Every structure is written in C-alpha cells, then in structure tokens.
Amino acid sequence: MDKTNIIKYGTKENAFKDSEGLIPFRFKDVISGDYIAFSAILTGITDTITPEYSDVKYIGRPDNVYLYQGATRAVSFTFDVYPMTRQEMPVLWEKLNYLVGLCYPNWVDSPYAGGQLCDINPITMVSPICELTIGDMYRNTPGYLSGLTMTVQDGTTWEFEENMKLPHYVQVAVEFVYIGKYLPNAKGKHFELSWLNDTNNKSGTFTEENKVDRTDEYK
C-alpha cells in the first residue's frame, strides 16, 4: 500500500513526516487549512517567469524607452494518480474531488447584507487560494490554480465494485500561478533553499554581512 495515497483529505501537516514518498508533494487549502497529498509521480515541471515592460517613445529619440512593470510567474506540471490497492481507490478519488474544488470559490456568510430584519442568509465568495509543496523547490508556496486538466488514460482498467465504478489511472495537469511569500526582489528568495534567508526588504538574501569586496580585482 502506498502510504501517501492512503492519507485522507484534511489530514494535518504533522502526519506527513513518516508517510511521504520520495519527496513531499501536496496542496493546502488556505481557507480550510486542509491538505491534499499525492505520491510524487511528477513529469514536465516547468517554471515560467515573465517580466512585463511597457515601451515609451520620446520626442527627439528614434528608439524606445522600456519601463519595467513587474513580473508574473507560473508553475506547470503533470502527475499520475494510480491506486496500488483497493483501499487507496476511494481515498484518491476523494482527494481528486477536493483538488478540483480548489478551482471553485469558498462560500462564507456575508457581513454586509441581511440581518435580523431579513429572512435571507446572504453568502459571498472567497477565492480558493492554496499553497503548493514540491520537495524543497516550493514549500507551502502561496498561489492559485489557473488551470486543472484531468485525463483518464487510454487502456486503463476500471474498478467494477458497486458505487465505485471509476478508472484506476488518471493523469492530472496543473497550472499554478505563483504568488510567493517574499518581497519580489532581484536578490530575493525564489526557491525554498534552506541556506538562504530572505529579509523581506530591499536587501533580500544578499545582506551587508555576505557581500564580497572585489574592488582590488579591477585596479
């Protein structure tokens, strides 16, 4: 039995220490605090950073001047879901159900409408922000799912038990927009490297204490 596959939705973080596979791989629903853990059968991990510039042309200059606007970052990957035992089947499909749920809003009571004079109970949406963990590349990294594609693989077998007639082999493609927990900075911390300490200010990880004086090299 795969120990990670059998971890149920909503399990707290301290339960993962003795149950991980090769590397930790999980999502966390920030609103509920619940975890969705899968075995790390990962392929095609792609991290795309896209700087944004606007161009301005001034009178008397033939060339453009480029103004930096910011940057966006997106992580995409694919992982396989395949139960090794009958006991893993309902747990995995329940976790897939809640993973799809990370693309939909959470609903909470609205504090801005209704009340004792009204017979309605107004609710309002809260965005489904989540945290991604893949080894030590991304550790509880905030972001949101911008796309999720589930593909039932051709040739997969199906479970034939009553009320559980589901395919065994599903491939999931994830598009995750990186928000991050540090100040965006050229000298900042962009991966969860334990030996880098981000000060979350203009110095980032490159503080005065670890600067190297190389002025003599240019004399």
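For the structure given in this document, a descriptive report is provided here. (Residues numbered from 1 in each chain as written. Predicted model: local features only at pLDDT ≥ 70, side-chain atom pairs only at ≥ 80, totals over all residues. Heavy atoms only, no water.)

### A short note on the sheet that holds strand β3 (residues 42-56)
1) Next: With antiparallel pairing, 7 strands are arranged side by side in an open sheet as β2-β1-β7-β8-β9-β4-β3. The open sheet has two edge strands, β2 (35-37) and β3, and neither has a second partner. Each strand of the sheet is rotated relative to its neighbour by a mean of 35°, with strand direction disregarded.
2) Next: In the sheet, strand β1 (residues 25-29) pairs with strand β7 (residues 130-134) via 5 bridges, with the strands oriented antiparallel. (Pairing = 2+ DSSP bridges. Helix = DSSP H or I, 4+ residues; strand = E, 2+ residues; numbered from the N terminus. Axes fitted to C-alpha atoms, helices over the stretch in contact; angles between N-to-C directions.)

### A look at unusual backbone geometry
1) Next: A positive phi angle, near 50°, is found at Asn140, a position not held by glycine.
2) Next: Its location among the elements puts Asn140 in strand β8 (residues 138-152).

### Some remarks on the pairing of β8
1) Next: Bridge count for β7 against β8 is 4 bridges, and the pairing is antiparallel. Pairing of Cys130 across the sheet is with Gly143, part of β8.
2) Next: The antiparallel hairpin formed by β7 and β8 contains 3 residues in its connecting segment, where Gly135 sits at a positive phi of about 55°.
3) Next: Pairing between β8 and strand β9 (residues 170-178): 9 bridges, direction antiparallel. Within β9, the residue paired with Gly147 across the bridge is Glu175.

### Considering the layout of surface pockets
Any empty space left between atoms is shown by rolling a water-sized probe over those atoms.
1) Next: Here the largest pocket defines a volume of roughly 460 Å³.
2) Next: Lining the largest pocket are 23 residues; nearest its centre among them are Ala71, Thr72, Arg73, Tyr178 and Pro184.
3) Next: For the lining of the largest pocket, the secondary-structure elements that each account for two or more residues are β3, β4 (65-81) and β9.
4) Next: A class-by-class count of the residues in the lining of the largest pocket yields 11 nonpolar, 8 polar and 4 charged. (1 Å grid on protein atoms, 1.4 Å probe; cavity = no way out; pocket = protein on both sides within 12 Å on 5 of 7 lines; lining within 4 Å. Points joined across faces, edges and corners; volume = space filled by probe spheres on them. Nonpolar A, V, L, I, M, F, W, Y, C, P; charged D, E, K, R; others polar.)

### Looking at the nonpolar core
1) Next: Within the largest apolar cluster, 23 residues are counted, with the highest numbers of intra-cluster contacts made by Phe25, Phe27, Phe38, Phe77, Phe79 and Leu99.
2) Next: Broken down by secondary-structure element, the contributors of at least two residues to this core are β1, β4, α1 (88-101), β7, β8 and β9.
3) Next: Of the residues forming this core, the biggest block, 5 residues, is contributed by β9.
4) Next: Those residues in contact with Phe79, other than ones at most four positions away along the chain, are Phe25, Phe27, Phe38, Ile41, Leu42, Leu99, Val170, Gln171, Val172 and Val174. (Core = buried A, V, L, I, M, F, W, Y, C linked by side-chain atoms within 4.5 Å. Buried < 20%, exposed > 50% of the residue type's maximum accessible area, 1.4 Å probe, protein only. Contact = heavy atoms within 4.5 Å.)

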